Every structure is written in C-alpha cells, then in structure tokens.
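# Descriptive analysis of the structure
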Number of protein chains: 2
Amino acid sequence: LPAPAESDGLSVVLVNTRNPLNIGAAARAMSNFGFMDLRLVKPYEASFREARSAIGASEVLAAAREYKSVAEAVADCTLVVGTTSAARRELQHPLRRLDDGAKLIRKRFRSGRVAILFGSEKRGLANQDLSHCHWLLRIPTREEHGSMNLGQAVAVCLYELWRAGKPVKPAGRTRHASAGDLERITTLLLETLRLSGYLGVGGKDARRSASPDEKMRRLVRRLNLSSPDAELWLGMLRQIGWKLKADRVIR
Amino acid sequence: LPAPAESDGLSVVLVNTRNPLNIGAAARAMSNFGFMDLRLVKPYEASFREARSAIGASEVLAAAREYKSVAEAVADCTLVVGTTSAARRELQHPLRRLDDGAKLIRKRFRSGRVAILFGSEKRGLANQDLSHCHWLLRIPTREEHGSMNLGQAVAVCLYELWRAGKPVKPAGRTRHASAGDLERITTLLLETLRLSGYLGVGGKDARRSASPDEKMRRLVRRLNLSSPDAELWLGMLRQIGWKLKADRVIR
C-alpha cells in the first residue's frame, strides 16, 4: 500500500479564514496527504496566532506564510483553481467536479505551481477572489446540503488530488487453500457430522437429490479459505472428531 | 454534474467518540454526501448531548441512535468494515486501501446493510472492536503523519463511497449473513472448541496476544458466509455441541 510522498507542486490558499480550528484542520489534512505549502490570505489575525500555538500544530503551520491579497499569494503559480459549493449558480467560470478536476491539476504539477483556493466559512470565495482563478472545482454534495465544513472540504480535495496521482496498485498476495486441503476439511466435517448425529451414518439421504457428501463439498468450497485458515479449520475439526470418538469409546 | 442521492445502505458507526465537535462534523459530512444513518457506541454522554444541541445540528444527528456495544450496533449489517490508520502494522485483518475498499462496499449496498466503524480520537478502534469487522479500510496518508482528524476521516471515506458509486452497478443476488448470525456462529464454535478440548475452558491463552474469542470472531468473518450457508453452519454446530454435551453427561 504505497503512501503519498510529499508533493511540492501544490499550494493550499485559505482566504479570510475565521476559525483557528479550521486553519489547524486544513494544515493537518495537508500533512496527512503530503502537501506542505500553506498560504493564508488575510486570516483573522487572532485565528492564525491561535492555530499556530495549538498543541500538535504541524510543520505545515509553522512554515505557513501570510499574504495581503490573493494576487500576491498566487503570484508564482501557473494554475489557480477556486473551490465552490454546489449552491452557486451564477458562476462565470468553467466548473469541474472534483474527481475530474483533480486529474487536470495533477498533470500541471510538473510544469509549474498550482494554487487551490478555499474561501471563508460563511461566504466562500468572493467574486474578487474568483477573478484570479482559471477555473473552479466543486465537491459533489447533495443539493439539499451543499455547504461543507472548511477543514473537511480541504481534506476531501487533497485526498482526491493524492488519489488522482496514485501509482498502480500491487497485486494481491492471498495464498488460497489447495484442493487437497479443502477435501481433507470436507472429509473431517462429514465424519464429525455423522458422529454427532447431524447426518445419518448410511450416507445417502433418499429424500434429497444431492448426497450429503456433495452438499458439504460445495459448502466447504464456498468458504473460499486461505491456506493458513484451512490449516486452522483442519486442526479444529481433528480435535472435535477425536473428542466425539473418545466419548463414544468410553460409553 | 450529478449530485449524490440519499443512500440508505450504509451506517456510520462512531465508537467511543469524545469530542462533540467531531460528532457534529461526522454528521455534517454524512448529510453532505447523502448518508443518513448514524450510530454511536458508548459516546461520552456529554459529547452526544452537546453535539445534538449545537446550532445547525442536522437531521442526521437528530435521528442518531446510541448503542451499548459494537455487537448491538452492527447486528443488522451484513458487512462490517473498520477504519484504521497506516501506523498499525500488527493487523490480523485483510487491509484495503480506501479507493479499492469503497468499490467493494458499494457492491454490497443492495444485498444488505453495511457498517463502517470509526474509533475514538486517541486510540482508534480497539482489538475487541476490530474483531467484529470483516476487513479494514485504510485512508492512504503519509507514513510520517498517518493519524487523521476524525471528522476529516469520515468526510474523506464518505466522499470516496459516493464517488465509487457513480456508475450504476447491476444488483447482486447473494444474500450475505448478518453480523448477528456471524456472532451466533462464533459463540457456538467457541463452545464446541472448549467442549472438545481444542481451547482451554479458562478462555484467555496467556501465550497469545489476541484472545481466542477475538481470533475466532475474525476467522468466522473471513468465511464470507451467505445467509443460507450461515443457517447451515448454525445447525451443524448446534448438533455437534449438543452431542458433545450429551456425551459428557452420560460419562
């Protein structure tokens, strides 16, 4: 399971953020997903100070820089993307859904810095802020409840940006039980069921179309056992069968 | 740009959550992505009360239910998935990365209810909680900073679950066993193994890190039983247990 590496191509820009908890949450998600460059445009001053001094404040927060305007904050970026909730209908920008937009952003990491802008908790990005953006990104939410918590919106966007760049997944490693093991389990299970009286000793049950042996063989195959688990079941069935036989001899 | 519709196949289960802000944040993300069934296992009482009375508390919070144990909370679910951070290396469950796991979870929505478990802020899910899970889900984060904020982790998981459900999949036909049936099988199996002498009567085996109960609970979940097969195994185990007890009485 490959983890994301630090990614230097992206700057997260928080504009007019009010709540220090949200600044802290954004920084934490950045650190989780390996995006380390945080920029704050006119945060409420006390918020930034409080977030920075919070327990467990990350190196992301320590290195965060403050800007007086969006223009200054994104000056070195070659692509500027704004985020918006589904509620806004009057947009004059191209609007891309997060999963589609993230792929485009990833492609741009190598040719220059990309900025992704998040607006204030109450109002989102102002038109003035939006005018600096090449296009807008929308997290797909329910129509009835489009407005996301800021820290959660940052986390979801960064997760998707990481995901869009993930390497090909490695092949699975499960060792499956051999047919021989499955047949040994079937045999032991049948013996146990006969010793316990669940199945008649005769074997064939005339009322049924399939023999108990066939039914149990299929039942065991449906378990789809791994090789180590097959060993465990073999051990348990051996012990149960031994006990049932021992009890019978004593009687 | 299609928005997610309400999805009734998933229950979000928060176990031992401490911080009311996190309960509120989880509920908000659920509402954003259209997952409405919230279950709380032993939340800190004041937290739940505070979250419920918070301004803007959603209908998700209003309808949330409280449970005394994980077993009760997931009894009607046919797939139980735990969440874990990358830091845990000693796991004995299959571990799937969020994007892969989300696809599997979506497939199961139509054939039964799926529970996704989130542990407490400090410790995550305990081994006892994990033993109720069929497999585990990991949000891919940096090795150096694997631990996510609870509200952000919920948001990222639900976003991915929404995303994974974009294309409509044909309905599956397998009815999966409920967690209640799997727990009954586990209990009968443990009883049988103790009667047969495979397990000591005392329960705990000092040499092993996990208790036999937890090991067997995981083993049974790995069988991935259908509902009819679970009935069969229940019947067989009842008969074997009855026979072992009857023999003991006669002796």
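As shown above, the structure is provided for reference.
First, a word on scope: everything that follows refers to the structure included in this document. (Residues numbered from 1 in each chain as written. Chains lettered and ligands numbered in written order. Predicted model: local features only at pLDDT ≥ 70, side-chain atom pairs only at ≥ 80, totals over all residues. Heavy atoms only, no water.)

## Structural notes on the overall build of chain A
A count of helices and strands for chain A gives ten helices and seven strands. Relative to its 251 residues, chain A shows a buried fraction of 51%. Looking at chain A alone, contacts between residues at least 24 apart form 82% of all its contacts between residues at least 6 apart. Carbon and sulfur atoms provide 50% of the accessible area of chain A, an area that totals close to 12,400 Å². (Helix = DSSP H or I, 4+ residues; strand = E, 2+ residues; numbered from the N terminus. Buried < 20%, exposed > 50% of the residue type's maximum accessible area, 1.4 Å probe, protein only. Contact = heavy atoms within 4.5 Å. Areas by Shrake-Rupley, 256 points an atom, 1.4 Å probe, with all protein chains shown as cover.)

## Focus: the environment of A:Ala71
For A:Ala71, the position within the fold is in helix H4 (residues 70-73). Residue classification places A:Ala71 among the partly exposed residues on the basis of a relative accessible area of 40%.

## Side note on helix H7 (residues 150-164) of chain A
Residue and element names in this part refer to chain A. An ideal rise of 1.5 Å per residue puts 21 Å on 15 residues; H7 measures up with 21 Å between its terminal C-alpha atoms. Counting buried residues in H7 gives 14 out of 15 residues, a clear majority hidden from the surface. One side-chain oxygen at the N-terminal end of H7 lies 2.9 Å from the backbone nitrogen of Gly151; it belongs to Asn149. (Expected span 1.5 Å × (residues − 1). Polar contact = N/O pair within 3.5 Å; in protein donor to acceptor, adjacent residues only side chain to side chain.)

## A word on the interface of chain B and chain A
Contact with chain B, which involves 65 residues of that partner, is made by 65 residues of chain A. In total, about 6,000 Å² of surface goes out of reach between chain B and chain A, with carbon and sulfur atoms giving 59% of it. Here chain B is connected to chain A by four salt bridges. Where chain B meets chain A, there are 24 residue pairs in polar contact (both at pLDDT 80 or more). (Buried area = accessible area lost by both parts, 1.4 Å probe. Salt bridge = Lys/Arg side-chain N within 4 Å of Asp/Glu carboxyl O.)

## Quick notes on the environment of A:Pro20
Note on placement: A:Pro20 falls in helix H1 (residues 20-33). The spatial distance from the C-alpha of A:Pro20 to the C-alpha of A:Ser47 is 4.3 Å, given a sequence separation of 27 residues.

## Topic: the packing of aromatic side chains
How two aromatic rings sit relative to each other is given by the distance of their centres and the angle of their planes. Under the counting rule described, the total for this entry stands at six aromatic pairs over all chains. Aromatic pair A:Phe35 and A:Phe109: ring centres 6.5 Å apart, planes at 65°, arrangement edge-to-face. In this pair, A:Phe35 sits in strand E2 (residues 35-41) while A:Phe109 sits in the loop between helix H5 (98-108) and strand E6 (113-118), placing the two residues 74 residues apart along the sequence. By relative accessible area, which is 13% here, A:Phe109 ends up buried. Note on B:Tyr159 and B:Trp162: the rings are 6.4 Å apart at their centroids and 35° apart in plane angle, and the pair reads as tilted. Remark: B:Trp162 and B:Tyr159 occur in helix H7 (residues 150-164); sequence separation between them is three residues, near one turn of the helix. We note that B:Tyr159, like B:Trp162, is buried. Each member of the aromatic cluster is reached from another via a ring pair, and the members are A:Phe33, A:Tyr159 and A:Trp162. Lying across the ring of A:Trp135, A:Arg96 places its NZ or CZ 4.7 Å from the centre. (Phe/Tyr/Trp six-rings, centres within 6.5 Å; stacked < 30°, edge-to-face > 60°. Lys NZ or Arg CZ within 6 Å of the ring centre and 35° of its normal.)

## Quick notes on the packing of helix H1 (residues 20-33) of chain B against helix H2 (residues 45-53) of chain B
All names here are of chain B. Running from N to C, H1 and H2 cross one another at 50°; their axes reach a closest spacing of 8 Å. By the angle between their directions, the pair H1 and H2 is classed as oblique. Note on packing geometry: the crossing formed by H1 with H2 is right-handed. Residues Pro20, Ile23 and Gly24 of H1 touch H2, and the partners they reach there are Ser47, Phe48, Glu50 and Ala51. By residue class, the composition of the contact of H1 with H2 is four nonpolar, two polar and one charged. (Axes fitted to C-alpha atoms, helices over the stretch in contact; angles between N-to-C directions. Parallel < 35°, antiparallel > 145°, perpendicular 65-115°, else oblique. Left-handed = near helix turned anticlockwise from the far one by under 90°. Nonpolar A, V, L, I, M, F, W, Y, C, P; charged D, E, K, R; others polar.)

Remember that the coordinates give geometry; whether it matters functionally is a separate question.
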